[in-house]
Amino acid sequence: MPDNEIIPIDQILPNKLPIISLLGRPIFPGIFTPIMIANQPDMVIVEQAMGNDGMVGLVLAKDEDESLDAANLYSVGTVAKIVKRINLPDGGINIFISTLKRFKIKKFLSKDSPVIAAVTYLEETNDDSDEIKALTRALLGEMKQVSENNPLFSEEMRLNMINIDHPGKIADFIASILNVDKKEQQKVLETTDVHDRMEQVLIYIKKEQELLRIQKKVQAEINEKIEKSQREYFLKEELKAIKTELGLPADSKSSDYQKFKLKIEGFRFEGEVKEQVEQELEKFNLMEPSSSEYMVTRNWLELVCSLPWNAPDNTDFDMGLAKKTLEADHYGLKDVKDRIIEYLAVKKLKADSRGSILCLVGPPGVGKTSVGRSIARAMGKQFFRFSVGGMRDEAEIKGHRRTYVGALPGKIIQGLKIVKSRDPVFMIDEIDKMGVSYQGDPSSALLEALDPEQNFSFRDHYLDLPFDISRIFFITTANTLDSIPRPLIDRMEIIQIPGYVDSEKLEIARHYLIPKSLEKNGFKKSDVRYMRDSLVLIAESYARESGVRDFEKCLDKIHRKLAKAIVVDGLNKGRKKLVVDRDAILKYLGKPIFRDDDIKKATKYGMSVGLAWTSMGGDTLLIEAVANPGKEGFKLTGQMGSVMQESAGIAYTYVRGIAAQNFGIGADYFEGRQIHLHIPEGATPKDGPSAGITMATALLSLVIEKKIRDRLAMTGELSLTGQVLPIGGLKEKTVAAKRNKIRDLIIPAGNEKDLDEIPEHVKKGITFHPVQRMEEVIKLAFRL
């Protein structure tokens, strides 16, 4: 055969090929490239091919995890001739191949390794049309733009496009170097029509150009930011150098550091506090302002420097002025005022005495909260108030740990930061309305704060340093003690504040409420005059509650209507003093809310009047009993609690026992009737042990068909043997009796000592009857 004769490729390419699976991407014809062989089956195929004609088939695997499975291979691949083989130190081999032509697998002759397949070679459909030439130019032009933005492309093109003179091969080469998905490359490999193949590759080049454009834009933005930050850095360094030359602080951090250092040195800390604060200060000095912990440490140091560590106690106060201030701000409240004067007297004798912890307990509207400000003013101290009603998170009291985002100190430390004093007056409102949740129990957190034996080294979670809060004068308020944990009650001095009777409300209105309301609504004190009977009418018919809030609302309403009458209707053009009498009250407040017939009275047999204590103050309790024919039974209604139900059962047993002995009423009376005992206002829950004698009196009145005497009320617990046992809350119950116009009040003999605690103006007009036995109650109630 002559040397210059060209052998047709179909005559030298074998019809059977050993198959090597490719994992990453397919290899196109017309490329000279190395391949690394690592697995043993492919190494066997290479050995066999090198011993024969050096031909292997390269086929892309669909799934890389199952590459050795014949069913996992695509049907179209590339035949390649192994040119050189190099053994690698790790046991693998590196082969250099020259790819020749596309083939399609007809069938697998051997599906086990080594995989042998019968193949048929694919011919390209090509023409020399102007459209093909245009596509070729377009491919080369677009690829030139891509190579200008990517030096790796241009290098690879320079090495591999030396002998490319066929449009199909140009498309194959460009497809092989573009960063497209392997499935898209396989699609190009399987396309035998050169025109279609070139169009596909042209689309991929356009996508690559768009990606490069976006990449270039992002890179430009990043470079711009870097250049800006570098410029700012150099300017800041120059500014630092200038400030250093002028003797000024170099930056805000240095200024903060010097400020904190001077303040901390002035506090003269010792022990743990000194060690911890100095450690945090030095850590702050070493931090970069951009650090995530920078602001956390700065805020902590700022708090430390804001607290009154060494603020002097205020001992310069006038006892006479303090007493006058308390009297001027509040009417009554003798126990509270006496306790404050005692505290100030001790403070005069012992300047470093600790603060006190008072708990003011009483119904709403009696002045518990407002008295706190008066106490602070009388003592010449700073005042801070916060409410714990509805609080469920103990961190509100003891602070959050600094590790949390947005951490803050507790209310006590926040208050000290605000008042800048070591011995202020702190008022904690609504201490009986705290809740418990998964975030902790605030009442338990208060145990340390309100314990004189612990609060000299109170440790807030955020501050995490011992701080002496023992000089704080704590005042807490509550409507009832029932919901306050017993350990917390033990730490406080309880002062009960009963509700006001009508005479007290009149004095409070004259001295405090009327001047305050007149000023609030634009009047002078001399513009309006109230008649005494008009104030009595407000107290009796519109504001019968224990406190004076409703009374104040009534006054505000009257003054608003007076203001409207003056401005809109032209009332009092002569600017005479306006007189508010009973008619004016009825005109401005409307029909009375309470009437005399609203006063609870025992109007027929089977009824009695008792007294109850509630969180709203004292209240009267009307008890009714009726007997219906039928099978013997005892029915209770009116939302009675378990304790009151037991008291009712004792009263029924006692009355049934004495009915036959003392009144000649046999057992047949009870056996033929069902007794029904009811307490009106059934929507209101009721409980407690102090209504025993009241229920027994109502039942006895029903049985003997005799009405109890008028304006008589009673309170006391009953035993099965007829003893009258002591009760609590006598002061509040007496106020309720006074408000209900009771003249005779039966009380247990064991409570006779409590009468000394009730003010004389409250007891005035009421005759107290201490009793030891139920027989005495019966004689007083029925005049027997």
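A brief structural summary. (Residues numbered from 1 in each chain as written. Predicted model: local features only at pLDDT ≥ 70, side-chain atom pairs only at ≥ 80, totals over all residues. Heavy atoms only, no water.)

With that out of the way, let us pick up the overall build of the protein. A tally of regular secondary structure across the protein gives 27 helices and 24 strands. Its C-alpha atoms give the protein a radius of gyration of 49 Å, clearly above 28 Å, the size a compact globule of 784 residues would have. Its C-alpha atoms put the protein at 155 × 90 × 65 Å along the principal axes. A total of 784 residues make up the protein; the buried ones form 47% of that total. Counting only contacts in the protein whose residues sit at least 6 apart along the sequence, the fraction spanning at least 24 positions is 73%. Positive and negative side-chain charges of the protein, numbering 114 and 115 respectively, have mean locations separated by a distance of 9 Å. (Helix = DSSP H or I, 4+ residues; strand = E, 2+ residues; numbered from the N terminus. Rg over C-alpha atoms; globule rule 2.2 N^0.38 Å. Buried < 20%, exposed > 50% of the residue type's maximum accessible area, 1.4 Å probe, protein only. Contact = heavy atoms within 4.5 Å. Lys, Arg positive; Asp, Glu negative; His and termini not counted. Charge placed at Lys NZ, Arg CZ, Asp CG, Glu CD.)

What the 5 strands build is an open sheet, ordered β8-β9-β12-β7-β13; its pairing is parallel. Strands at the two margins of the open sheet, each flanked by one partner only, are β8 (383-387) and β13 (493-496). Adjacent strand axes in the sheet meet at a mean angle of 20° when their direction is disregarded. Its contacts with the sheet place helix α15 (residues 411-419) against β8 and β9 (425-429), and it is angled at close to 150° to β8. (Pairing = 2+ DSSP bridges. Axes fitted to C-alpha atoms, helices over the stretch in contact; angles between N-to-C directions.)

Now for helix α5 (residues 167-177). Among the 11 residues of α5, 10 are classified as buried, and the element is accordingly described as predominantly covered. Those residues of α5 lying buried are Pro 167, Gly 168, Ile 170, Ala 171, Asp 172, Phe 173, Ile 174, Ala 175, Ser 176 and Ile 177.

To continue, consider the environment of Glu 394. Position of Glu 394 among the secondary structure elements: in the loop between β8 and α14 (395-398). For Glu 394, a relative accessible area of 27% puts it in the partly exposed group. Considering only alpha carbons, one finds Glu 394 and Val 436, 42 residues apart in sequence, at a separation of 8.9 Å. The contact partners of Glu 394, leaving out residues within four places of it in the chain, are Gly 399, Gln 439, Gly 440, Asp 441, Pro 442, Ala 445 and His 461.

Attention shifts here to the side chain of Arg 102. Mapped onto the fold, Arg 102 is located in strand β5 (residues 93-110). Here Arg 102 falls in the buried class, since its relative accessible area comes to 3%. A polar contact of 3.2 Å, which involves the side chain of Arg 102, links it to the side chain of Glu 124. From its side chain, Arg 102 meets the backbone oxygen of Leu 189 in a polar contact 2.5 Å long. Each residue touching Arg 102, except ones within four places of it in the same chain, is listed here: Phe 28, Pro 29, Gly 77, Tyr 121, Leu 122, Glu 124, Asp 172, Val 188, Leu 189, Thr 191 and Arg 197. (Polar contact = N/O pair within 3.5 Å; in protein donor to acceptor, adjacent residues only side chain to side chain.)

Tallied over the entire structure, the rule returns 12 aromatic pairs. Ring centres of Phe 384 and Phe 386 lie 6.0 Å apart, and the angle between their planes is 45°; this geometry places the pair in the tilted category. Consider the rings of Phe 426 and Phe 474, whose centres lie 6.0 Å apart with planes at 90°: the pair is edge-to-face. Of the two residues, Phe 426 is situated in strand β9 and Phe 474 in strand β12 (residues 473-478); the sequence distance between them amounts to 48 residues. Phe 426 gets classed as buried once you look at its relative accessible area, which sits at 0%. (Phe/Tyr/Trp six-rings, centres within 6.5 Å; stacked < 30°, edge-to-face > 60°.)

A grouping of Ile 214, Val 218, Ile 222 and Ile 226 is seen on the molecular surface, where their side chains present a nonpolar patch of about 300 Å² in accessible area. A relative accessible area of 39% means that Ile 222 is categorised as partly exposed. (Patch = residues over 30% accessible without salt bridge, like charges linked within 9 Å, V, L, I, M, F, W, Y side chains within 5 Å. Areas by Shrake-Rupley, 256 points an atom, 1.4 Å probe, with all protein chains shown as cover. Salt bridge = Lys/Arg side-chain N within 4 Å of Asp/Glu carboxyl O.)

To continue, consider a positive patch on the surface. A cluster of basic residues, Lys 259, Lys 263, Lys 417 and Lys 420, forms a positive patch at the surface. Tracing the sequence through the fold places Lys 420 in the loop between α15 and β9.

Residues other than glycine seldom take positive phi values, yet Arg 268 does so here, at roughly 55°. Assignment of secondary structure puts Arg 268 in the loop between α8 (252-267) and α9 (271-286). Here Arg 268 falls in the exposed class, since its relative accessible area comes to 70%. We note that Arg 711 has phi near 50°; this positive angle belongs to a residue other than glycine. Along the polypeptide, Arg 711 turns up in the loop between α24 (692-704) and β20 (712-714).

Our next topic: the pairing of β9. Residues in a regular strand project their side chains so that they alternate between the two faces of the sheet. With 5 of 5 residues buried, β9 lies mostly within the body of the structure. Residues Val 425, Met 427 and Asp 429 point to one face of β9 and Phe 426 and Ile 428 to the other, with burial holding for every one of them. Relative to β12, β9 is paired through 4 bridges, and the arrangement is parallel. Within the sheet, the bridge partner assigned to Met 427 lies in β12 and is Ile 475.

What follows covers the packing of helix α20 (residues 549-567) against helix α21 (residues 582-589). Their axes nearest at 10 Å, the elements α20 and α21 cross at an angle of 90°. On the basis of their axis angle, the class for α20 and α21 is roughly perpendicular. Mapping the contact onto sequence places Cys 554, Lys 557, Ile 558, Lys 561 and Leu 562 in α20 and Ile 585, Tyr 588 and Leu 589 in α21. In terms of residue class, the contact of α20 with α21 is built from 6 nonpolar, no polar and 2 charged. (Parallel < 35°, antiparallel > 145°, perpendicular 65-115°, else oblique. Nonpolar A, V, L, I, M, F, W, Y, C, P; charged D, E, K, R; others polar.)

On to the nonpolar core. Ranked by internal contacts, the top residues of the largest apolar core, which has 60 residues, are Leu 677, Ile 693, Met 695, Leu 699, Met 774 and Val 777. In contact with Met 695, other than residues within four places in its own chain, are Ile 623, Met 644, Ser 647, Ala 648, Ala 651 and Leu 677. Leu 416, Ile 431, Met 434 and Leu 488 belong to the second largest nonpolar core, which has 52 residues in total. (Core = buried A, V, L, I, M, F, W, Y, C linked by side-chain atoms within 4.5 Å.)

Further remarks concern the packing of helix α11 (residues 319-329) against helix α12 (residues 334-349). Contact geometry for α11 and α12: axes closest at 11 Å, N-to-C directions at 165°. Considering the angle they form, α11 stands roughly antiparallel to α12. For the pair α11 and α12, the sense of crossing is right-handed. Contacts from Met 319, Ala 322, Lys 323, Leu 326 and Glu 327 in α11 reach Lys 337, Ile 340, Ile 341, Leu 344, Ala 345 and Lys 348 in α12. When its residues are assigned to classes, the contact of α11 with α12 shows 7 nonpolar, no polar and 4 charged. (Left-handed = near helix turned anticlockwise from the far one by under 90°.)

Okay, the pattern of salt bridges next. Taken as a whole and judged by the stated rule, the model has 33 salt bridges. When the shortest N-O distance is used, the salt bridge between Arg 402 and Glu 280 registers 3.6 Å. Linking Arg 402 in the loop between α14 and α15 with Glu 280 in helix α9, this pair joins segments that are 122 residues apart in sequence. Owing to a relative accessible area of 21%, Arg 402 belongs among the partly exposed residues under this scheme. The class of Glu 280 is buried, set by a relative accessible area of 5%. Here the salt bridges share partners, and the residues they tie into one network are Arg 102, Glu 124, Asp 172 and Arg 197.

Below, the discussion takes up the environment of Val 579. Its location among the elements puts Val 579 in strand β15 (residues 578-580). A sequence separation of 462 residues divides Val 579 from Ala 117, and the C-alpha atoms of the two residues are 119 Å apart. Each residue touching Val 579, except ones within four places of it in the same chain, is listed here: Arg 529 and Met 531.

On to the pairing of β8, then. Residues of β8 alternate between two faces, with Phe 384 and Phe 386 buried on one and Phe 383, Arg 385 and Ser 387 left unburied on the opposite face. Bridge count for β8 against β9 is 5 bridges, and the pairing is parallel. Directly across from Arg 385, in β9, lies its bridge partner Met 427.

Shape descriptors only; they carry no functional weight alone.
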